[in-house]
Amino acid sequence: MKINANIHKVKTSATLEINEKSKFLEKQGKQIYKFGLGQSPFPVPKNIVKELKKNSHQKDYLNVSGLEDLRIAVSKYHSKKNKYNYTDNNILIGPGSKELIFQTQLVLNCDLLLPSPSWVSYEPQAKILNKKTIWIKTYKKNKWHLTGNDLEKVCKKSKKSKLLILNSPNNPSGTSSEHLKQIAKMAKKHKVIIIADEIYAELDFSGSYKSIAHYYPEGTIISSGLSKWCGAGGWRIGTMIFPKKLSYIKDAIRNVASETFTSVSAPIQFAAIKAYSEDHQNFLDKSRKILKFISEYIYSEFTSKKIECVKPDGGFYMLCDFSKIKKIKTFKFKNSQEMCKKILSETGFAMLPGSDFGFKKNKLIARIAFVDFNGTKALKLFRLFNKSTSNKIMKKLFPNIFNGVKALLYWLDIKKNNE
Ligand SMILES: Cc1ncc(COP(=O)(O)O)c(C=O)c1O
């Protein structure tokens, strides 16, 4: 039997593949610095884990939209965060925001607009559904974010309905958008529906976050969940918030969900109530400070050696442009994938090629995720951040990152071995 033609266009998700490849090389005894997969290094807070244990007996199928008490907790949480009045009727709970984004793409008859670069999975999801993706080029001077003008130009080109996915703080760049108001204005004008992928919102280093839903509430679906700020990626729980005007989309997804995943695991949903109803400010403040500290260390090491980067504003990613590095030039790489493969095999430094995020293949840009450290230990020894020098902390708390950066810079001939 043949595989459906659309599916031939899809390979294993790049992030999951790099993780498996890194583990394979590690098993062969190679030292691998894992800057590939973007998984939270922090533990799920203890009170939430305790709640999961307490609810392990929960065994019933739950409401397709999600457990009512959880939806109430999510609506209260986001009403406060996003300064908007949501109720449980606005909320859908799904097995990860990735699945909810897929289902939204599935139920809408539209083209998909994606800023280039964008997260690895949006476009393959569109491919699975035979949906057209229109890439919109972004620029380093805009911190790799879309502007209102960029959006307007594309909207003028075709009349077809459009869904735009915006992600801020962003994967792969780590930067937050400064153009939300303008984008909202253009989206409203051209009736573009937006998925605001806010999965990293709680990890904005500033501790505050502006959602595009402030400016365009009626046309914005907010996508989020516990995977990043709460360290619960493997729990597979995500949330979507639909404004009243878009409840027809929510209802369509609910119908599809009822015939596919049914509902998210019951114990996980009961435990998630705790995540949304109790205060985790201290945990979040520390997590943000730790991530900011590491991002600044790598940024300063890389940019002082001519690897061009834009300073991250949140989350745990950074884009690095290697095109100005002498040694890289000597290899005459045809594409970023070739470059990343060579670097992985020769240094053990695993990162993802920019082409996976929609950059032109010949751009020698790669994404790093700075999460290869023990988050529990870093939280426990947080007091050291006020006492030690940056190098000392890096060596003690983030040795794989410290050594990985060193190994890469050494290989690139831009750092001496004993520096
Ligand atoms: C930008 C972005 N959106 C969505 C997701 C999916 O998260 P979830 O675990 O909720 O499916 C990820 C995960 O890496 C991501 O980076």
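Before reading on, note that the structure itself is shown above.
Residue numbering note: each chain is counted from 1, following its sequence as written. It should be noted that, the model being predicted, local features are given only for residues of pLDDT at least 70 and side-chain atom pairs only at 80 or more, the latter also being counted only at that level, while totals for whole chains, interfaces and linings use all residues. Derived side-chain values reflect all non-hydrogen atoms in the structure, with water molecules and hydrogen atoms excluded from consideration.

(A) Molecular detail of empty space enclosed by the protein. Only protein atoms enter the 1 Å grid used here. Points where a 1.4 Å probe fits but cannot escape make up a cavity, open sets with protein on both sides within 12 Å along at least five of seven lines make up a pocket, and a residue lines them when an atom lies within 4 Å of a point. Grid points are joined across faces, edges and corners, and a volume is the space filled by probe spheres set on the points. By the definition in use, this model includes 3 cavities of 30 Å³ or more. Taken as a whole, the largest cavity encloses approximately 60 Å³ of empty space. In terms of lining, the largest cavity is formed by P115, P117, S118, Y122, W144, H145, L146, I165, L166, N167 and N170. Here the lining of the largest cavity takes 3 residues from strand β5 (residues 162–167), the largest share from any one element. Side-chain classes follow a simple rule in which Ala, Val, Leu, Ile, Met, Phe, Trp, Tyr, Cys and Pro form the nonpolar group, Asp, Glu, Lys and Arg form the charged group, and the remainder, Gly included, forms the polar group. Here the lining of the largest cavity is composed, by residue class, of 7 nonpolar, 4 polar and no charged. By volume, the second largest cavity is sized at about 40 Å³. Together, L166, N167, S168, L180, A196, D197, E198, Y209 and I212 line the second largest cavity. A run of H or I in DSSP becomes a helix once it reaches four residues, and a run of E becomes a strand once it reaches two; helices and strands are each numbered from the N terminus. Taken together, the elements giving at least two residues each to the lining of the second largest cavity come down to β5 and β6 (193–197). Class assignment for the residues of the lining of the second largest cavity results in 5 nonpolar, 2 polar and 2 charged.

(B) Geometry of the pattern of salt bridges. Throughout this description, the term salt bridge denotes a Lys or Arg side-chain nitrogen within 4 Å of a carboxyl oxygen of Asp or Glu. A complete count under the given rule lists 20 salt bridges for this structure. For the salt bridge of K140 with E308, the shortest nitrogen-to-oxygen distance reads 3.3 Å. Here K140, found in the loop between β4 (133–137) and α7 (148–157), pairs with E308, found in strand β9 (residues 308–309); they are 168 residues apart in sequence, far enough to count as distant. Of the charged contacts, one joins R288 and E202 as a salt bridge, the two residues approaching to 3.8 Å between their closest N and O atoms. A residue pair is termed long-range when its members are at least 10 positions apart, and R288 in helix α11 (residues 281–303) and E202 in the loop between β6 and β7 (220–225) qualify at 86 residues. Among the residues examined, R288 registers a relative accessible area of 5% and is labelled buried. In this scheme, a residue with accessible area under 20% of its type's maximum is buried, one over 50% is exposed, and one in between is partly exposed, where area comes from a 1.4 Å probe on protein chains only. For E202, a relative accessible area of 9% translates into the label buried. Each of the salt bridges in this network shares a partner with another, and the network as a whole consists of E51, K54, K274 and E278.

(C) Region of the structure containing the packing of helix α13 (residues 336–347) against helix α16 (residues 399–411). Each axis is a line fitted through C-alpha atoms, and for a helix only the stretch in contact is used; angles between axes span 0 to 180 degrees, taken between their N-to-C directions. Where α13 contacts α16, the two axes come as close as 11 Å, and the packing angle between them is 110°. Between α13 and α16, the angle falls in the class roughly perpendicular. Side by side, α13 and α16 meet where K342, I343, E346 and T347 of the first sit next to A407, L408 and W411 of the second. The class makeup of the residues in the contact of α13 with α16 is 4 nonpolar, 1 polar and 2 charged. If an angle is under 35 degrees, it is roughly parallel; if it is over 145, roughly antiparallel; if it lies from 65 to 115, roughly perpendicular; otherwise it is oblique. By definition in these notes, contact holds between two residues if any of their heavy atoms fall within 4.5 Å.

(D) Broad picture of the packing of helix α3 (residues 46–54) against helix α10 (residues 266–277). At a minimum axis separation of 8 Å, α3 and α10 run at an interaxial angle of 150°. Comparing the axis directions of α3 and α10 gives the class roughly antiparallel. Considering how the two elements wind past one another, α3 and α10 form a crossing that is right-handed. Residues N47, I48, E51 and L52 of α3 lie in contact with α10, whose contacting residues are P267, I268, F270, A271, K274 and A275. Grouping the constituent residues of the contact of α3 with α10 by class yields 7 nonpolar, 1 polar and 2 charged. Crossing handedness is defined as follows: a turn of the near helix away from the far one that is anticlockwise and smaller than a right angle gives a left-handed crossing, while the clockwise case is right-handed.

(E) A look at the site of the ligand. Neighbouring residues of the ligand: 13 residues in total, closest S97, D197, Y200, S227 and R236. The term polar contact refers here to a pair of N or O atoms within 3.5 Å; inside protein, the definition further demands a hydrogen-donor-capable atom paired with an acceptor-capable atom, and it admits residues adjacent in sequence only when both atoms are side-chain atoms. In the environment of the ligand, an oxygen atom lies 2.8 Å from a nitrogen or oxygen atom belonging to the side chain of N171. Protein chains bury 93% of the 400 Å² of accessible surface belonging to the ligand in isolation. The pocket occupied by the ligand, as judged from atoms lying within 2 Å of grid points, is the second largest pocket. For the shell around the ligand, the class distribution of residues is 4 nonpolar, 5 polar and 4 charged. Nearness is judged by heavy atoms alone; a residue qualifies as near a molecule or strand once a single heavy atom is within 4 Å of it. Reported accessibility uses the Shrake-Rupley method at a 1.4 Å probe radius. Residues are deemed covered only where the shown protein chains occlude them. A pocket or cavity is taken to hold a molecule when more than half of that molecule's atoms are within 2 Å of the pocket's grid points.

(F) Representation of the sheet that holds β9 within the structure. A strand pair is defined by DSSP finding two or more bridges across the two strands. Spatial strand order, β9-β10-β13-β12: 4 strands in an open sheet with antiparallel pairing. Looking at which strands have only one partner, the edges of the open sheet turn out to be β9 and β12 (352–353). With 5 bridges joining them, strand β10 (residues 317–321) and strand β13 (residues 365–369) adopt antiparallel strand pairing. Note on β13: the bridge partner recorded for Y317 is A369. Against the sheet, α11 makes contact with β9, β10 and β13, and its axis sits at roughly 5° relative to β10, the strand it touches most.

(G) Representation of the nonpolar core. What makes a nonpolar core is a set of buried Ala, Val, Leu, Ile, Met, Phe, Trp, Tyr and Cys residues whose side-chain atoms join them at distances within 4.5 Å. Membership of the largest hydrophobic core comes to 84 residues, with the highest contact counts inside it found for I298, F302, F322 and F398. Residue contributions to this core peak at 9 residues, all from α11. Residues contacting I298, with those up to four places away along its chain left out, are F35, M318, I368, F370, I401 and V405. Grouped together as the second largest cluster of nonpolar side chains are 28 residues, I18, I193, F242 and I249 included.

(H) Molecular detail of the pairing of strand β8 (residues 238–241). Side chains of β8 alternate between two faces, with G238 and M240 and T239 and I241 buried alike. Note: strand β2 (residues 91–94) against β8, 4 bridges, orientation antiparallel. The partner of I91 across the bridge, within β8, is I241. Of the strand pairs in this sheet, β7 and β8 are connected by 4 bridges, and their pairing is antiparallel. Opposite I222, over in β8, you have I241 as the bridge partner.

(I) Molecular detail of the side chain of K162. Mapped onto the fold, K162 is located in strand β5. As used throughout, the charge tally considers Lys and Arg to be positive and Asp and Glu to be negative, leaving His and the chain termini uncounted. With no salt bridge to any partner, buried K162 finds its closest opposite charge in D111, at an N-O distance of 6.0 Å. Looking at K162, its side chain comes within polar contact range of the main-chain oxygen of K160, at 3.0 Å. Apart from residues no more than four positions distant in its own chain, K162 is found in contact with C110, D111, L113, V154, C155, V192 and I193.

Functional significance is not addressed by these values, which are geometric in nature.
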